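Here's the letter readout for the chains.
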Amino acid sequence: MRTRSQKKTKQMARILTYFVLVIAAVICLFPFIWMVSTSFKPMSDIYSMPPTLIPKNGTIENFVEGWKGANFQLYFKNTAVITFLATVGTVLSSSVVAYGFARFQTRLSKILFMVLLGTMMLPTQVTLIPQYLLYYKLGMVDTIWPLIIPSWLGGGAFNIFLFIQFFRTLPKELDEAAKIDGANSLQVFTRILLPAVKPVMLAVLVMALVFNWNDFFNPLIYLNSNDKFTIAIGLQFFKGSQGNVQVGQMMSMALISLLPVLVIFATCQKYFIQGIKMSGLKG
């Protein structure tokens, strides 16, 4: 009797858990579903009352007009270039810095590591003005370089921390065996350690890609010319001078800009979760 009651209790708990998870998933996905629905609605259906989820008169006019109206082909190109260079820089620089922290110990290693973690507590707004003045004096304002260079100078404290935790799970005997065979530190890093940390590399790559692709704040600060704008800035062109918004066109272009990120995340989701999970196995 106890065994049956325990099984029933576990089944009820599992059913309740799945029910709560499904409800939470629907709540989280509803804005995305509404965006997809709105992108296929004509203006008359968007403002109809009561609102409907399924378009009554579905159309692709929003996609055609939105793509032509705001020069989104150029914005996609700019965003792709910035995202590619910044993502590559993030993965490479953060892995190199983490390799130094994980494998080379000095008297200042612990202090520098604490300083590194301390930078995670600094809001972006604190360093905004000094950083802007630096790029202004270097003549880089209204260029893509302020959006790329920081990624090649460390890649961010959080990404470095993930790599460090993963490197520490690998035995140092691997390094020693490679050095006995004549490998130097750079060869140990590129041929031994990097192939072993593919999950965390993909995790950092996906996070960097999503951040740089969707970044609105930094392009807004550093870019002034229309021919250099990214997608996030370009979406603002659907707002009229009097505050009216072309909702259908904005939703359609937002959907198109979101598709590459969704495809990449869906493809690399397994490795992304594995990298986050395994990076915490050893302190």
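Attention in this report is confined to the structure presented alongside it. (Residues numbered from 1 in each chain as written. Predicted model: local features only at pLDDT ≥ 70, side-chain atom pairs only at ≥ 80, totals over all residues. Heavy atoms only, no water.)

Here we look at the overall build of the protein
Here comes step 1: Per the secondary structure count, the protein includes 14 helices and zero strands.
Here comes step 2: Along the protein, helices (α) and strands (β) appear in the sequence α-α-α-α-α-α-α-α-α-α-α-α-α-α when read from the amino end.
Here comes step 3: Relative to its length of 283 residues, the protein is extended, with a C-alpha radius of gyration of 24 Å against a globular reference of 19 Å.
Here comes step 4: Overall, the C-alpha framework of the protein stretches about 80 × 75 × 35 Å when taken along its three principal axes.
Here comes step 5: Contacts in the protein between residues at least 24 apart in sequence constitute 72% of all its contacts with a sequence separation of at least 6.
Here comes step 6: Surface summary for the protein: the accessible area is close to 17600 Å², and the carbon and sulfur share equals 68%.
Here comes step 7: For the protein, the centre of its 24 positive side-chain charges and the centre of its 10 negative side-chain charges are spaced 16 Å apart. (Helix = DSSP H or I, 4+ residues; strand = E, 2+ residues; numbered from the N terminus. Rg over C-alpha atoms; globule rule 2.2 N^0.38 Å. Contact = heavy atoms within 4.5 Å. Areas by Shrake-Rupley, 256 points an atom, 1.4 Å probe, with all protein chains shown as cover. Lys, Arg positive; Asp, Glu negative; His and termini not counted. Charge placed at Lys NZ, Arg CZ, Asp CG, Glu CD.)

Quick notes on helix α6 (residues 124-137)
Here comes step 1: Here α6 contains 14 residues, and its C-alpha end-to-end distance of 20 Å stays within 8% of the 20 Å for a straight helix at 1.5 Å per residue.
Here comes step 2: At Pro130, α6 shows its maximal kink, close to 30°.
Here comes step 3: Downstream of α6 by a residue or two, Gly139 has a phi angle that is positive, lying close to 75°. (Expected span 1.5 Å × (residues − 1). Bend = angle between axes of the 7 residues up to and from the residue.)

Structural notes on the environment of Ile33
Here comes step 1: Mapped onto the elements, Ile33 comes out in helix α1 (residues 2-39).
Here comes step 2: Spatially, the C-alpha atom of Ile33 lies 9.9 Å from that of Ile54, the residues being 21 residues apart in sequence.

Some details on the side chain of Asp215
Here comes step 1: Positionally, Asp215 belongs in the loop between α11 (198-214) and α12 (217-222).
Here comes step 2: Note on Asp215: relative accessible area 13%, which makes it buried.
Here comes step 3: Only 3.4 Å separates the side chain of Asp215 from the backbone nitrogen of Phe217, close enough to count as a polar contact.
Here comes step 4: Among the polar contacts listed, one links the side chain of Asp215 to the side chain of Asn218, at a separation of 3.0 Å.
Here comes step 5: Apart from the residues within four sequence positions on either side, Asp215 is in contact with Thr230 and Ala232. (Buried < 20%, exposed > 50% of the residue type's maximum accessible area, 1.4 Å probe, protein only. Polar contact = N/O pair within 3.5 Å; in protein donor to acceptor, adjacent residues only side chain to side chain.)

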